[in-house]
Amino acid sequence: MKIAGQKESKIDPTLAEEIRQRCGENVFLCYQCKKCASGCPTRPFMESTPTELMRYLQLGMIDEAMKKDTIWYCLSCQTCSARCPQNIDIAHVVDAVKIIVQEKNIKVDTGNAKLFNRLWMTLLKYMGRMYEMGLTGMLNLFSGKPFKDLPLGIKLIKKGKLKLLPTIKRPFEMMKMFSRARDLKK
Amino acid sequence: MKLSYYPGCSLHSTGAEYDASTRKVCEKLGIELVEIEDWVCCGSTPAHQCDELMSIALPAKNMALAREQSGLGEICAPCASCYSRLKFAQERLTDDHLRRQVEHVIDARYPDDIKVLHMLEVISEKVGADAVKEKVVKTLDSIKVACYYGCLITRPPKVTAREDFENPTDMEALIEALGAETVDWNMKTFCCGAAFALTRTEVVVDLTGKILADAHAVGADVIAVGCPLCHVNLDTRQQQINEKLGTNFNIPIFYFTQLMGLAMGIGPKDLGIHKHITEAESFLKERALI
């Protein structure tokens, strides 16, 4: 398919159906009123708007939907979902697209969100609770900015707001939960 | 009144003063909080953007624990993100197929009759501003407060069941009951940048900069919040914002429970006021509140 002023786009006609199966939302209900884009706090940072994302999904324009950084600037603030006149849970649609991108390992700049998510879920799986020090340390290390926010981190430790050691709760139950969930998804 | 209490990870670390002030205020109001023993993380934002099933199973696990341990019908979650994840799970678990999957994952029955309340709802719906007013021993009439709700206390309405999600006013009613003046402003439900604090910090600086600028423009002395992530973002980034925008913001950020505690005569140490990054103690001394 060719869109005016753009090069040829790859079309996947099953995309909208995949979104519906993953999150239950029907993207064809969107009539492009732009309310989501107007209220989106991070729209100025995005390559395309949430409204455009909905159109890409309707048309099956898989590269535009998956490879632009739009979804990775979504904060899940729920403003779009709260305001959509068609009651589409747009933030849930964005989550579904994010999950597809991560599962299929599609190359795109996620702003370290993919790394952040993976670290978070791994810590959770073995510890049951979030270990902020470990999360921040590993995130900074793996993203090549080991000293990011270091002065702030030191202040927070001095104020007793960051614990040096993790709290571990129900690790075996958590590992079993994660493994049962993985089996179900197969 | 007795409620299950789900503090969440933040209230045991960066939001420690929210936990302390919540417990103290509840004690004064005769609310007994029964912490869920060995609760686990709700999964927060990372879970729902990378693992749909676990993002529902983790909150369900905590609700099952609450029911098993205490049998209480209500859970108080002061963290906006925990509150939202618990409420989202309840909404999604009306689907029988998903409920069966989740019950298999958590290896327990999911209790579908639990009421989840944010701390703000506990105070405004179950206690009421009038009852709070009766407990005030030190009126906060020397400060002007901008009440900041952020995102997840009020949105999305299909989950929070709130009609006033664009312009909530329950925190204002509560703060006014403490004798303080509240301001009318634009950014009370605008996002602070939330989980981008660690990954896209420049977005947090931009968004919190807008929130602080609006609060400053309407003459607010302080901002009151009800979410540990909002607090971290607004409290810890002011220096960076000032450097970037050439501003001079120095606006103390309080949890609404800390302001309640101050008005009820609880000591500032017990409320964790000294834990803030943006200086709050000297401000309170200046206004003769401590």
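Residues numbered from 1 in each chain as written. Chains lettered and ligands numbered in written order. Predicted model: local features only at pLDDT ≥ 70, side-chain atom pairs only at ≥ 80, totals over all residues. Heavy atoms only, no water.

Trainee: Help me out: how do you make sense of the pattern of salt bridges in this one?
Mentor: Pairing between side chains of opposite charge can happen when their charged atoms approach one another. Overall, the coordinates contain 31 salt bridges over all chains when judged by the stated rule. Residue Glu91 of chain B pairs with Lys158 of chain B through a salt bridge whose shortest N-O separation is 3.9 Å. Of the two residues, Glu91 of chain B is situated in helix α4 (residues 80-92) and Lys158 of chain B in helix α8 (residues 157-160); the sequence distance between them amounts to 67 residues. Across the salt bridge formed by Lys210 of chain B and Asp206 of chain B, the nearest N and O atoms sit 3.2 Å from each other. One end of the pair is Lys210 of chain B and the other is Asp206 of chain B, both in helix α11 (residues 201-217) and four residues apart, which spans about a single turn. Taking the relative accessible area as the measure of exposure, Asp206 of chain B reaches 23% and is therefore partly exposed. The structure contains a network of salt bridges with shared partners spanning Asp89 of chain A together with Glu52, Glu91, Arg92 and Lys158 of chain B. (Salt bridge = Lys/Arg side-chain N within 4 Å of Asp/Glu carboxyl O. Helix = DSSP H or I, 4+ residues; strand = E, 2+ residues; numbered from the N terminus. Buried < 20%, exposed > 50% of the residue type's maximum accessible area, 1.4 Å probe, protein only.)

Trainee: Got a minute to help me understand the packing of aromatic side chains in this structure?
Mentor: What describes a pair of aromatic rings is the distance from one ring centre to the other and the angle between the planes of the rings. Residues and elements named next belong to chain B. Enumeration over the complete set of coordinates arrives at six aromatic pairs over all chains. Both rings, one in Tyr18 and one in Phe256, keep their centres 6.4 Å apart while their planes meet at 70°; by these two values the pair is edge-to-face. Of this pair, Tyr18 sits in helix α1 (residues 16-29) while Phe256 sits in helix α14 (residues 256-263), and the two are 238 residues apart along the sequence. In this pair, the class of Tyr18 matches that of Phe256, namely buried. With a centroid separation of 6.2 Å and an interplanar angle of 55°, the aromatic rings of Tyr148 and Trp185 are classed as tilted. Of this pair, Tyr148 sits in the loop between β5 (144-147) and α8 while Trp185 sits in the loop between β6 (181-182) and α10 (196-199), placing them 37 residues apart in sequence. (Phe/Tyr/Trp six-rings, centres within 6.5 Å; stacked < 30°, edge-to-face > 60°.)

Trainee: Just checking my understanding: could you explain the interface of chain A and chain B for this structure?
Mentor: How big an interface is tends to be reported as the loss of accessible area on association of its parts. Contacts between chain A and chain B engage 58 residues on the former and 68 residues on the latter. When chain A packs against chain B, close to 5,500 Å² is buried across both sides, 59% of that on carbon and sulfur atoms. On the surface where chain A and chain B come into contact, there are eight salt bridges. Viewed at the interface, chain B and chain A are joined by 33 residue pairs in polar contact (both at pLDDT 80 or more). For the side of chain A that touches chain B, the secondary structure elements donating two or more residues are α5 (79-83), α6 (90-103), α7 (113-127), α8 (132-142), α9 (150-158) and α10 (171-185) of chain A. If you tally residues by element for the side of chain A that touches chain B, the top one is α10 of chain A, at eight residues. Grouping the amino acids of the side of chain A that touches chain B by side-chain chemistry returns 24 nonpolar, 14 polar and 20 charged. (Contact = heavy atoms within 4.5 Å. Buried area = accessible area lost by both parts, 1.4 Å probe. Polar contact = N/O pair within 3.5 Å; in protein donor to acceptor, adjacent residues only side chain to side chain. Nonpolar A, V, L, I, M, F, W, Y, C, P; charged D, E, K, R; others polar.)

Trainee: Help me understand the state of the cysteines, please; the structure alone is not making it clear to me.
Mentor: Structurally, a disulfide amounts to a covalent bond that connects the sulfur atoms of two cysteines. Residue and element names in this part refer to chain A. Counting across every chain of the model gives zero disulfides over all chains. The cysteine Cys40 is free of any disulfide, with Cys77 supplying the nearest cysteine sulfur at 6.3 Å. Cys40 gets classed as buried once you look at its relative accessible area, which sits at 17%. (Disulfide = S-S within 2.5 Å.)

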